[in-house]
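Okay, here's what each chain looks like letter by letter:
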Amino acid sequence: MLPFAITYHLVPLYLPIFWPLDSFESLYTALTVTAENDLHMYTHVVVYHGIRQQNRNDIKNGSILRLTTSPYQTAVQLHERIQSSSMDAKLEALKDLANASRDITFAQEFINLDGISLLTQMVESGTDFGDLLSFTLTAFVELMDHGIVSWDTFSVAFIKKIAGYVNKSAMDIAVLQRSLAILESMVLNSQDLYHKVAQEITIGQLIPHLQGTDQDIQTYTIAVINALFLKAPEEKRQNVIRSPTPINDEMAHQLYVLQVLTFNLLEDRMMTKMDPQDQAQRDIIFELRRIAFDVECEPNNGGSTEKRKSMYTRDYKKLGFINHVNPAVDFTQIPPGMLALDNMLYLARHHQDAYIRIVLENSSREDKHECPFGRSSIELTKMLCEILKVGELPSENCHDFHPMFFTHDRSFEEFFCICIQLLNKTWKEMRATSEDFNKVMQVVREQIMRALTLKPNSLDQFKSRLQNLSYTEILKIRQSERMNQEDFQSRPILELREKIQPEIMELIKQQRLNRLCEGTCFRKISSRRRQDKFWYCRLSPNHKVLHYGDLEESPQGEVPHDSLQDKLPVADIKAVITGKDCPHMKEKGALKQNKVCARMCLSVCVCVCVCVCLDTWVESMIFHVKVCSIMLVM
């Protein structure tokens, strides 16, 4: 290999080609003058991207070729220059080394010259400061980022030196930034180095760097803290937030600051609109579709363009996007911008079973009862950002941190995954329709806030707390809180309640009876599956007889009494059985759709049983049977 290489020039990039020069004699001759005149311009500033024999055909016709020194020769020269006794020459050499080290071809040659050891010795000697030290550490970081050298090879003396730069109260910003980056890589890439770093630096020593104004330093500091949490044993990871002794106010405040600054890193994505024309961003939506409907996917070359567009539109509707034709438009709202799409993709990749279940479960429901996954994810992400106050500066006197967010390196994404499943569960419990979307979001917000108030120590505990905060429980809590308010317990209120209660009860009675008299159309449920057959039932005006009968199709209005051939005298009713105790539900208990409607079922027990599936009829029938003084079995 000769000490130079032919490169082609695509401004401002220079790509070396390592070919035997004797096979390019005519080309060498043609380029000699240019190379000799310009060599000093490119020797130390070229960023190498090695192109060898196997990929030389990648060079396009018309590319300008120039001669420059090979990576090996440059590595040799820089290896000598950084050991110069002249501080100015050494500084220039370190600048060039930091720049050239970004290329893996050069990095390999420099490392082969034992360049990493030379840099570590320069750091351990402690003789370099300011820009000299800054460029030394920069070159070290760039070289190590290629993954050629193992992190386990470094001495304790080197670790102590780097940790010392971080622990100093007044340190050059560039040196501090590189030192934090080195510590993060050490912790993440070596379990042995984690223990050594943990002995030299503590989270308490890192916290002061969060109080500065330099956002880069704050970001690197958070990265080191997260790395320490991630690599720490489970029991030690919780020491800060599960200490047997109470956490003092200062520590609580610093943890709160750390929490706020960590979540503020999401602000950029939260305020970034999606570009509907950006193919890379649109590919993420395609990925969501592929994961959800993999078995339904068709080859791209199959069918006409219109057919494929129709198929995509159908699937995007199932995914719950507002814009079925171009879902990218849904993510142009800020906040939450691209952060919502990031969360959806995280759920699809890391909790694939839950993602597929949510999408397919809702796509199989009737249109008005489906919980739109896309719209829900966007609004939920926005809500979580509001709850966690993403983008707001930390308060000087606040101590409100949540321990569970320190137990996972992707805590916000995991938080979203738990909450989107909660939203889907609450939607079903409320039997919501599209018109109830905002009501469901309000209930979900209350569920999340109440669970966070309990300060769970882990995300699993948070999930468990949410399980106990069903929609029914929220209603009970709301009622209890209203009743416990002082105004509701005052003597005038109690007297008024006692006075108007009989009138209210009579009003409720009339409303229930009127509902029974109007009648309702029900679907017939067979032992196999729900069918498109109907039957109608209504109470006679004198409240003594139930008229019912089969219908071929759902009626548009009330069905006259005389068209309903079957009758059931109210006096013959022996019992009204509701919910899971209903005999029909016991017989069909294994069916999924029957489990869903179990709470809405009732059986009117005479010589035969009649099964009804509607809340209003459950309440009205029980009320009317009570009025008629017939035995009620609940």
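Residues numbered from 1 in each chain as written. Predicted model: local features only at pLDDT ≥ 70, side-chain atom pairs only at ≥ 80, totals over all residues. Heavy atoms only, no water.

**Q** Help me out: how do you make sense of helix α19 (residues 373-387) in this one?
**A** Within an α-helix, residues lying three or four positions from one another point in the same direction, as the helix has 3.6 residues per turn. Its 15 residues place the ends of α19 20 Å apart at the C-alpha level, agreeing with the 21 Å of an ideal helix rising 1.5 Å per residue. Counting buried positions along α19 yields eleven of 15 residues, so the element is predominantly enclosed. By the burial criterion, the buried members of α19 are Phe373, Gly374, Ser376, Ser377, Ile378, Leu380, Thr381, Met383, Leu384, Cys385 and Ile387. Residues of α19 that are buried make contact with α14 (267-270), α17 (338-350), α18 (352-363), α20 (411-429) and α21 (437-453). (Helix = DSSP H or I, 4+ residues; strand = E, 2+ residues; numbered from the N terminus. Expected span 1.5 Å × (residues − 1). Buried < 20%, exposed > 50% of the residue type's maximum accessible area, 1.4 Å probe, protein only. Contact = heavy atoms within 4.5 Å.)

**Q** Help me understand the side chain of Asn424, please; the structure alone is not making it clear to me.
**A** In this fold, Asn424 is placed in helix α20. Overall, Asn424 belongs to the buried group, its relative accessible area being 7%. One polar contact links Asn424 to Glu361, side chain to side chain, over a distance of 3.2 Å. Excluding residues within four positions of it along the chain, Asn424 makes contact with Ile358, Glu361, Asn362, Arg365 and Cys371. (Polar contact = N/O pair within 3.5 Å; in protein donor to acceptor, adjacent residues only side chain to side chain.)

**Q** Can you help me understand the layout of surface pockets in this one?
**A** By rolling a water-sized probe across the atoms, one finds the places where empty space is left. Roughly 500 Å³ of volume is contained in the second largest pocket. Of all the secondary structure elements, the ones that give two or more residues to the lining of the second largest pocket are α8 (173-189), α11 (215-231), α13 (249-264) and α20. A total of seven residues in the lining of the second largest pocket trace back to one element, the largest contributor, which is α11. (1 Å grid on protein atoms, 1.4 Å probe; cavity = no way out; pocket = protein on both sides within 12 Å on 5 of 7 lines; lining within 4 Å. Points joined across faces, edges and corners; volume = space filled by probe spheres on them.)

**Q** How should I be thinking about the nonpolar core in this particular structure?
**A** Where a protein is soluble and globular, its nonpolar side chains tend to be buried together. Core analysis: the biggest nonpolar cluster contains 66 residues, and Ile82, Leu97, Leu119, Phe140, Ile182 and Met186 have the highest contact counts within it. Looking at this core, the element that brings in the most residues is helix α6 (residues 130-144), giving eight residues. Residue contacts for Leu119: discarding those within four places in its chain leaves Ile82, Leu97, Phe110, Thr136, Ala139, Phe140 and Leu143. Membership of the second largest hydrophobic core comes to 65 residues, among which are Tyr355, Cys371, Met404 and Phe412. (Core = buried A, V, L, I, M, F, W, Y, C linked by side-chain atoms within 4.5 Å.)

**Q** When you look at the environment of Asp562 in this model, what are you seeing that I'm missing?
**A** Tracing the sequence through the fold places Asp562 in the loop between β6 (545-551) and β7 (566-569). For the pair formed by Asp562 and His547, sequence separation is 15 residues and the distance between their alpha carbons is 8.7 Å.

**Q** Is there a simple way to explain unusual backbone geometry in this structure?
**A** Glycine aside, residues mostly have negative phi, and peptide bonds are mostly found in the trans state. In the segment running from Ile334 into Pro335, the intervening peptide bond is cis, with an omega of -20 degrees. Examined against the element boundaries, Pro335 turns out to sit in the loop between α16 (305-318) and α17. Cis rather than trans, the peptide bond between Pro335 and Pro336 has omega equal to 15 degrees. Relative to the elements of secondary structure, Pro336 occurs in the loop between α16 and α17. Phi angles above zero are rare outside glycine, and Arg431 is one such case at about 50 degrees. Looking at the secondary structure, you find Arg431 in the loop between α20 and α21. On the accessibility criterion, Arg431 (35% relative accessible area) is partly exposed.

**Q** How do you make sense of α17 when you look at a structure like this?
**A** A rise of 1.5 Å per residue sets the reference length of α17, with its 13 residues, at 18 Å; its end C-alpha atoms lie 18 Å apart and thus fit the reference within 8%. Counting buried positions over the 13 residues of α17 gives ten, a clear majority of the element. Three or more residues of α17 are buried, namely Met338, Leu339, Ala340, Leu341, Asn343, Met344, Leu345, Tyr346, Leu347 and Ala348. Residues of α17 that are buried sit in contact with α14, α15 (279-292), α18, α19 and α20.

**Q** How should the packing of α19 against α21 be read in this particular structure?
**A** For any two helices packed against each other, one specifies the inter-axial angle together with the distance between the axes. Two elements in contact, α19 and α21, have axes separated by 11 Å at closest approach and are oriented at 40 degrees. Considering the angle they form, α19 stands oblique to α21. Between α19 and α21 lies a crossing whose hand is right-handed. Between α19 and α21, the residues in contact are Arg375, Ser376, Glu379, Leu380, Met383, Leu384, Glu386 and Ile387 and Phe437, Met441, Val444, Arg445, Ile448, Met449 and Leu452, respectively. The residue makeup of the contact of α19 with α21, split by class, is ten nonpolar, one polar and four charged. (Axes fitted to C-alpha atoms, helices over the stretch in contact; angles between N-to-C directions. Parallel < 35°, antiparallel > 145°, perpendicular 65-115°, else oblique. Left-handed = near helix turned anticlockwise from the far one by under 90°. Nonpolar A, V, L, I, M, F, W, Y, C, P; charged D, E, K, R; others polar.)

**Q** Any chance you could explain the environment of Asp409 here in plain terms?
**A** With respect to the element layout, Asp409 can be found in the loop between α19 and α20. Taking the C-alpha atoms as reference points, Asp409 and Ala227, separated by 182 residues in sequence, lie 8.2 Å from one another.

**Q** Can you walk me through the environment of Pro555 in this structure?
**A** With respect to the helices and strands, the residue Pro555 is situated in the loop between β6 and β7. Among the residues examined, Pro555 registers a relative accessible area of 26% and is labelled partly exposed. The sequence separation of Pro555 and Trp535 amounts to 20 residues, and the corresponding C-alpha distance is 9.8 Å. Dropping the residues within four chain positions of it, Pro555 is found in contact with Cys521 and Tyr536.

**Q** Sorry, what's going on with the packing of aromatic side chains here?
**A** Aromatic rings considered in pairs are described by the distance between their centres and by the relative angle of their planes. If you walk through the whole model with that rule in mind, you get 19 aromatic pairs. Between Phe286 and Tyr312 the ring centres are 5.9 Å apart and the planes differ by 50 degrees, which places this aromatic pair in the tilted class. Here Tyr312 lies in helix α16 and Phe286 lies in helix α15, a separation of 26 residues in the sequence. Its relative accessible area of 23% is what places Tyr312 among the partly exposed residues. Aromatic ring contacts, followed pair by pair, group Phe263, Phe405, Phe412, Phe415 and Phe462 into a single cluster. The ring centre of Phe437 lies 3.8 Å from the NZ or CZ of Arg375, which sits over that ring. (Phe/Tyr/Trp six-rings, centres within 6.5 Å; stacked < 30°, edge-to-face > 60°. Lys NZ or Arg CZ within 6 Å of the ring centre and 35° of its normal.)

**Q** Where do I start with the side chain of His402 in this structure?
**A** For His402, the location among the structural elements is in the loop between α19 and α20. For His402, a relative accessible area of 9% corresponds to the buried category. Not counting residues up to four positions away in its chain, the partners in contact with His402 are Gln259, Leu452 and Lys455.

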